[in-house]
Amino acid sequence: HLQNKVFKKAFKESVKLSVLLPDPGPLGEPYLIGVGRADCTGPPAEIPLMGYANPQQMAAGIHTRLYSRAFIIDDGSRRVVFVTADVGMISQRLRLEVLQVLKEKYGNLYRQDNVVLSGTHTHCGPAGYFQYTLFMITSKGYIKASIEPLVNGIVKDKDFLKIDG
């Protein structure tokens, strides 16, 4: 019963306080926020999958499609992009190729300091998009057919997200 009285008193005090305080009005400039999703599924078969140490283990069809999802936040003075893609992880090579295409499409709007790329760590995605020797051995080298859909999907996300700020 005592807890109920304390709660009622605290509620009454908070209502009084909210009535006495002036409306603060707008709290600065609004954030511009955009979201997008694009397919980044690579070849359906006969391609190594990311993270398998056995080079003979190859994809044999598509069970589910792979997507990249982008989120852009712009506060009027700075824009940040976070993209997560259904891949094992983001390689330096993939990041550099994405940044190059973004520069070609958007100039200096998206740069190394405001683009964050992340992988969901799935082993159902393609291999062959790394620059490191160990990954190159197990994926049988660089595979253009793997990296192109990833780059295109990540960059296509931004087409949905063209926000003016």
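For the structure given in this document, a descriptive report is provided here. (Residues numbered from 1 in each chain as written. Predicted model: local features only at pLDDT ≥ 70, side-chain atom pairs only at ≥ 80, totals over all residues. Heavy atoms only, no water.)

Points about the side chain of Ser-146
Consideration 1: Residue placement: Ser-146 occurs in helix α4 (residues 144–160).
Consideration 2: Assessed through its relative accessible area of 0%, Ser-146 is described here as buried.
Consideration 3: Within the structure, the side chain of Ser-146 is placed 2.6 Å from the backbone oxygen of Ala-127, a separation counted as a polar contact.
Consideration 4: Excluding anything up to four places from it in sequence, Ser-146 contacts Ile-47, Pro-126 and Ala-127. (Helix = DSSP H or I, 4+ residues; strand = E, 2+ residues; numbered from the N terminus. Buried < 20%, exposed > 50% of the residue type's maximum accessible area, 1.4 Å probe, protein only. Polar contact = N/O pair within 3.5 Å; in protein donor to acceptor, adjacent residues only side chain to side chain. Contact = heavy atoms within 4.5 Å.)

As for the sheet that holds strand β4 (residues 67–74)
Consideration 1: Taken in spatial order, the 4 strands line up as β1-β4-β5-β6 in an open sheet, and their pairing is mixed. Edge positions in the sheet fall to β1 (32–39) and β6 (115–119), since each has one partner strand and no second. Direction aside, neighbouring strands of the sheet carry axes that sit 15 degrees apart on average.
Consideration 2: With 7 bridges joining them, β4 and strand β5 (residues 79–85) adopt antiparallel strand pairing. (Pairing = 2+ DSSP bridges. Axes fitted to C-alpha atoms, helices over the stretch in contact; angles between N-to-C directions.)

Examining a nonpolar patch on the surface
Consideration 1: Taken together, the side chains of Tyr-31, Ile-33, Val-35, Phe-71, Ile-73, Val-80, Phe-82 and Val-116 define a hydrophobic patch exposed on the protein surface, amounting to about 730 Å² of accessible area.
Consideration 2: The set of elements that each furnish at least two residues to the nonpolar patch consists of β1, β4 and β5.
Consideration 3: Mapped onto the fold, Tyr-31 is located in the loop between α1 (2–20) and β1.
Consideration 4: By relative accessible area, Tyr-31 is classed as exposed at 55%. (Patch = residues over 30% accessible without salt bridge, like charges linked within 9 Å, V, L, I, M, F, W, Y side chains within 5 Å. Areas by Shrake-Rupley, 256 points an atom, 1.4 Å probe, with all protein chains shown as cover. Salt bridge = Lys/Arg side-chain N within 4 Å of Asp/Glu carboxyl O.)

Here's the deal with the environment of Ile-154
Consideration 1: Within the fold, Ile-154 resides in helix α4.
Consideration 2: Ile-154 sits in the buried class, given a relative accessible area of 0%.
Consideration 3: The sequence separation of Ile-154 and Val-83 amounts to 71 residues, and the corresponding C-alpha distance is 7.2 Å.
Consideration 4: Apart from the residues within four sequence positions on either side, Ile-154 is in contact with Ser-68, Val-83, Ala-85, Leu-94, Val-98 and Leu-117.

Side note on the environment of Asp-74
Consideration 1: Tracing the chain through its elements places Asp-74 in strand β4.
Consideration 2: Accessibility expressed as a relative area gives 6% for Asp-74, which makes it buried.
Consideration 3: With 41 residues separating them along the chain, Asp-74 and Ile-33 place their C-alpha atoms 6.4 Å apart.
Consideration 4: Side chain to side chain, Asp-74 and Arg-79 meet in a polar contact 2.9 Å long.

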